[in-house]
Amino acid sequence: MAIACSYSLLSYVCYTIVNRLTCKILLSPTLLIYANYSSVPLYSFAFSHIMIQTMKTFYTLLTTILLSVTLAFGASTQAEAASTHTVSSGDTMWKIAVRYQVGVTEIIDANPQLSNPNLIYPGQTLQIPRQNTNSRSMEQQVVSLVNAERAKHGLNPLRENWELARVARFKSEDMSAKNYFSHTSPTYGSPHQMIRDFGIPYRASGENIAAGQTSAQSVFNSWMNSSGHRQNILSPNYTEIGVGYSNGGSYGHYWTQMFISK
C-alpha cells in the first residue's frame, strides 16, 4: 500500500500591520477528502490560517495562509563509507559542510576525535559522511521529474537546495524510525517550523510526503494524481526544492518533498 500527502504554507507578512495591530490567528480545518487511485489511498487536507485585526476599529484585516495536505508512505536512508578531507588554512566546519553538501552536525558526529569542533587546524584529517548513492539518485530523479512537469506548464524550474534536501531527508527518516505518517513530526513539529529551526529562511513553504512507492516515477505519479500534491509541484510561488528519501520502516520507502520561496 502506498499513500501521499501534501502541505503548503503561503505566508505573507506585513511588518507595519504586525507592529501596529493586535492580531489573532485562527486555524480552521475546511476539508477532508478520501480517494482511491489505482488502489492507492490518497488523503487531502486543506487548512486556512486567518489573521484578523481586533483593535478599536470596525475594519477587519485578513491575511490568509493556505495549507494543502497530501500523503504518501516510505522508509529510511543509509550513508555510504565516508570520504576524507584534509583541513586547509581558512577552513571552517561550515565551509567544509557547504563544499561536501553535508550538515555540520553529521561531520561532527563522524569525527568523535575532535575535542572541540570549533577548533580545527590545517593538516587535520576529517571523515566526511556520504549519502547512499542510490538514495541520492532517486531524490535527484524526483527533482528532474518535477521540473520537467513544470516546464510543460510554462513554469520556471525549481532550484535544488541541498540544505532543504537535508531537512526533507531527516523528515523521511523520522517517519520511518518512529512509525508515523504525518506532516506534523513528534520530533520536529510542522514542516514550516522544521525548516525554520534548521536555519533556512523563506517567505512561503510547502511539503509533500509519501510512503510505499518504490521508485521516483511511482511516487511522482502518486503526487500528480492528487490535487493537493499537484498544486505544490506546479505552484508558481515556489523557487526551491529539496527531496529526501529513506528506505526502511513499516512501509519500506518514505519520501518527502519540501518547497520554499525566498
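This section reports on the structure supplied with the text.

### Describing the overall build of the protein
- Broken down by element type, the protein carries eight helices and ten strands.
- Looking at the protein as a whole, 46% of its 262 residues qualify as buried.
- Entry remark: accessible area of the protein is about 13100 Å², with carbon and sulfur atoms responsible for 54%.

### Concerning the packing of aromatic side chains
- Under the counting rule described, the total for this entry stands at six aromatic pairs.
- Ring plane angle 35° and centroid distance 5.6 Å describe the contact between F170 and F198, whose orientation is recorded as tilted. Note that F170 is positioned in helix α5 (residues 162-178) and F198 in the loop between α6 (191-197) and β8 (204-211), a separation of 28 residues in sequence.
- Ring geometry for Y251 against Y254: centres 6.2 Å apart, planes inclined by 90°, an arrangement best described as edge-to-face.
- Judged by its relative accessible area of 0%, Y254 is buried.
- Taken together, F170, Y188 and F198 form an aromatic cluster joined through their ring pairs.

### So, the pattern of salt bridges
- Evaluation of the coordinates by the stated rule reveals eight salt bridges.
- A salt bridge links E139 to R136; the shortest N-O distance between them is 3.1 Å. Placement of the pair is E139 and R136 together in helix α4 (residues 133-152), with a separation of three residues, close to one helical turn. The same class applies to E139 as to R136, namely buried.
- Among the ionic pairs, R169 bridges to E139, the shortest N-O distance being 2.8 Å. Of this pair, R169 sits in helix α5 while E139 sits in helix α4, and the two are 30 residues apart along the sequence.

Conventions used here
Each chain carries its own residue numbering, running from 1 in the direction its sequence is written. Residues qualify for local features only when their pLDDT is at least 70, as the model is predicted, and side-chain atom pairs are given and counted only at 80 or more; totals for whole chains, interfaces and linings, by contrast, use all residues. Side-chain calculation: all heavy atoms of the structure are included, whereas hydrogens and water are not. Each helix is a run of DSSP H or I of at least 4 residues and each strand a run of E of at least 2, with the numbering of both proceeding from the N terminus. For every residue, the accessible area obtained with a 1.4 Å probe (protein chains only) is divided by the maximum for its type, and the residue is called buried under 20%, exposed over 50%, and partly exposed between those limits. Per-residue and other accessible areas were derived by the Shrake-Rupley procedure at a 1.4 Å probe size, with only the shown protein chains allowed to occlude residues. In this analysis, rings of Phe, Tyr and Trp, with Trp reduced to its six-membered ring, are considered paired at centre separations within 6.5 Å, and the interplanar angle assigns stacked below 30 degrees, edge-to-face beyond 60, and tilted for intermediate values. By definition here, a salt bridge exists when the distance from a side-chain nitrogen of Lys or Arg to a carboxyl oxygen of Asp or Glu is within 4 Å.

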